[in-house]
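Topology and contacts: notes
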Amino acid sequence: MHPIIIVGTGLAGYNLAKAFRKQDQDTPLVMITADDGRNYSKPMLSTGFSKGKSADELAMAEAATMATELNATILTHTDVQSIDPQAHQLKADDRVLMYSKLVLATGAAPIRLSLEGDATDAVFSINDLTDYGRFRAALPEQAHVAIMGAGLIGCEFANDLHAGGYRTTVIAPSSQVMPGLLPTEAADSVRSALDALGVSFRLGRAATGVFRAEEGVRLALDNGDSVSADIVISAVGLRPRTRLAEEAGLAVTKGIVVNRLLQTSHPDVFAMGDCAEVDGHVLLYVMPLMACARALAQTLAGDPTEVCYGPMPVTVKTPACPVVTAPPAVGVRGKWVLEQGDAGIKALYQDGDTLHGYALTGETVREKLSLNRRLSPVLA
Ligand code: FAD
């Protein structure tokens, strides 16, 4: 019997394998990853500086330990180059492997801005444990870090690096932090709290180039200004890795298109995690991939199970201003209604009495559970 093959050993791949092994201990399982296959929790990457953790300290288990625990073969440092759904085979570093079912859990890749200048090698993305280790090795003590991007990840790194003893400047073309996730007033609270810590902001400005300077680097901004720094993080967004699926002729739009069985346009190829677009939803968070892992494990074990998403709130790890947000789906009718007090901001996105989303800051985050009960599920 050909094995089930999972491509990817991030949270999606490993959580699927764990859930599958609870249902089925015997079916041969092969996991393939381009990285070293260490098991780690990616959200910890943006809390590691305040805790003074190295990449090795964030790793929870080596690939060999995971292979034993999961009764699986794990191929590390192995790049899957192509898949052939009709022949049930894939090519990985010039080996051809056959599978019975294939799961793509290939994650999302950082978007790279095209920047001018001779110091673009000082620009780092931190999207996995290897990136984190590489950045830490290059980070001078008490450095001034410029962060391009004021989204969730840019804000988390700003807060965490500050708490770890580094100076930070956040640069982004948007006029507020976390656009798309927070209404303006809640975003302003986060910005003010980070400001009060000493984080600098250059909002409404895009970086256009990174140049070597006498000390460190100089970032050129689109209005002619510049920002000096020692090192730069790019946190301008992630894009689902869809190349393998696309080249194999599988349906792809924003992510790899799957139905609620997590099945692509070929019945024996599945996708989940950051690379997948599940019934129209691309959600680059842990909660959705955990729901997918549970459902797909049942399906692979012979009991076809559709995934359900309940409310999907996101906790933003900015201790300077705690935030929980459940943004309304794009295009949903309604408007933000705000309550602002000493405890923080409670913003509800409502259409009449129907709650479609919320954003909570400060002590109001305690209301998360009661609001979740009022929210409609993302995928009933
Ligand atoms: P990944 O972890 O990216 O794994 C992809 C895997 O695919 C890797 O093993 C890679 O080697 C492999 N791969 C890709 N292409 C190939 C190929 N061609 N051949 C072989 N292998 C391949 N979410 C939350 O819900 N809460 C948070 O607080 C939170 N914090 C975050 C903080 C940071 C700094 C970041 C970057 C993300 C955060 N997220 C958070 C998002 C969350 O971590 C991700 O949604 C989740 O980890 C994605 O897991 P994944 O397994 O889909 O992808």
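Residues numbered from 1 in each chain as written. Predicted model: local features only at pLDDT ≥ 70, side-chain atom pairs only at ≥ 80, totals over all residues. Heavy atoms only, no water.

**Things to note about the sheet that holds strand β3 (residues 73–75)**
For the record, the criterion: Note on pairing: two strands pair once DSSP finds at least 2 bridges between them. Helix numbers and strand numbers start at the N terminus; a helix is a DSSP run of H or I with at least 4 residues, a strand a run of E with at least 2. In this description, a line fitted to the C-alpha atoms serves as the axis of each element, helices being fitted only across the stretch in contact, and the angle between N-to-C directions of two axes falls anywhere from 0 to 180 degrees. The contact rule is simple, with two residues in contact once any of their heavy atoms fall within 4.5 Å.
Taking strand neighbours across the sheet as the criterion, the five strands line up as β3-β2-β1-β7-β19 in an open arrangement whose pairing is parallel. The strands lining the two open edges of the sheet, one partner per strand, are β3 and β19 (269–271). The sheet shows a mean angle of 20° between the axes of neighbouring strands, taken without regard to direction. The pairing of strand β1 (residues 4–7) with strand β7 (residues 101–104) spans four bridges and is classified as parallel. When the sheet's bridge partners are listed, Val7 is paired in β7 with Leu104. Contacts between helix α1 (residues 11–23) and the sheet are confined to β1, β2 (29–32), β3 and β7, with β2 contributing the most and set at about 170° to the helix.

**Thoughts on the sheet that holds strand β24 (residues 344–351)**
A sheet is described by the order of its strands in space; here five strands give the open sequence β21-β22-β25-β24-β23, paired in antiparallel fashion. Bordering the open sheet on either side are β21 (314–316) and β23 (335–341), each of which pairs with just one other strand. Each strand of the sheet is rotated relative to its neighbour by a mean of 20°, with strand direction disregarded. Alignment of β21 against strand β22 (residues 323–326), held across three bridges, turns out to be antiparallel.

**Describing the domain arrangement of the protein chain**
So the rule is basically this: Domain start and stop points were drawn from an automatic or database domain assignment. Note: buried area is the sum, over both parts, of the accessible area (probe 1.4 Å) each one loses when the two are combined. Salt-bridge detection follows one rule: a side-chain nitrogen of Lys or Arg within 4 Å of a carboxyl oxygen of Asp or Glu.
Each domain of the protein chain was delimited in the assignment, giving domain 1 (4–109 + 239–300), domain 2 (112–234) and domain 3 (322–374). Centre-to-centre, using C-alpha coordinates, domain 1 lies 30 Å away from domain 2. Across the boundary between the two partners, domain 1 contributes 19 residues, which contact 17 residues of domain 2. Overall, the association of domain 1 and domain 2 removes approximately 1500 Å² of surface from exposure, summing both partners, and the carbon and sulfur fraction of that is 62%. Area buried by domain 1 at its contact with domain 2 is led by Leu45, Ser46 and Phe49, which between them contribute 48% of it. If you look at where domain 1 meets domain 2, you find zero salt bridges.

**Digging into the packing of aromatic side chains**
Keep this limit in mind: Working definition: a ring pair exists when centres of Phe, Tyr or Trp rings (six-membered ring for Trp) sit within 6.5 Å. Plane angles under 30 degrees give stacked, over 60 give edge-to-face, the rest tilted. Summary of the burial criterion: residues with accessible area below 20% of their type's maximum are buried, those above 50% are exposed, and those between are partly exposed, where the area comes from a 1.4 Å probe applied to protein chains only.
One pass over the structure, following the stated rule, counts five aromatic pairs. Ring geometry for Phe124 against Phe135: centres 5.5 Å apart, planes inclined by 70°, an arrangement best described as edge-to-face. Here Phe135 lies in helix α4 (residues 129–138) and Phe124 lies in strand β9 (residues 123–124), a separation of 11 residues in the sequence. For the residue pair Phe124 and Phe135, the accessibility class agrees, reading buried in each case. Centre to centre, the rings of Trp336 and Tyr349 are 5.3 Å apart; their planes meet at 70°, and the pair counts as edge-to-face. One end of the pair, Trp336, is in strand β23; the other, Tyr349, is in strand β24, with 13 residues separating them in the sequence. We classify Tyr349 as buried; its relative accessible area is 12%. In textbook terms, an aromatic cluster arises when at least three aromatic residues are bridged by ring pairs, as seen for Phe49, Phe124, Tyr132, Phe135 and Phe157.

**A short note on the site of the ligand**
As a reminder, the rule being used: Here a residue counts as near a molecule or strand whenever at least one of its heavy atoms sits within 4 Å of it. Pairs of N or O atoms are called polar contacts if they sit within 3.5 Å, as long as, within protein, a hydrogen donor faces a hydrogen acceptor (for residues adjacent in sequence, only side-chain-to-side-chain pairs).
Around the ligand there are 32 residues in total, and Ala12, Val80, Asp274, Val286 and Lys317 lie nearest to it. At 3.2 Å, a backbone N or O of Leu11 approaches an oxygen atom of the ligand. Within the contact set of the ligand, a nitrogen atom lies 3.3 Å away from a side-chain nitrogen or oxygen of Asp79. Among the elements of the structure, α1, α5 (152–163) and α8 (286–300) are those that each provide at least two residues to the shell around the ligand.

**Examining the UniProt feature "domain: FAD/NAD(P)-binding" (unreviewed entry) in the protein chain**
Threshold: UniProt positions are given in the numbering used here, feature names are shortened, and annotations may be inferred rather than shown by experiment.
When the UniProt feature table is mapped onto this chain, "domain: FAD/NAD(P)-binding" (unreviewed entry) is found at residues 4–279. Helix makes up 24% of residues 4–279 and strand 29%, and the two end C-alpha atoms of the span are 23 Å apart.

**So, the pattern of salt bridges**
Scanning the entire structure with this criterion turns up 13 salt bridges. Between Arg38 and Asp36 there is a salt bridge, with the nearest N and O atoms lying 3.1 Å from each other. Taking the relative accessible area as the measure of exposure, Arg38 reaches 14% and is therefore buried. Salt-bridge contacts for Asp195 lead to Arg191; the nearest nitrogen and oxygen are separated by 3.6 Å. Of this pair, Asp195 and Arg191 both sit in helix α6 (residues 184–197), four residues apart, which is roughly one turn of the helix. Given a relative accessible area of 37%, Asp195 falls into the partly exposed group.

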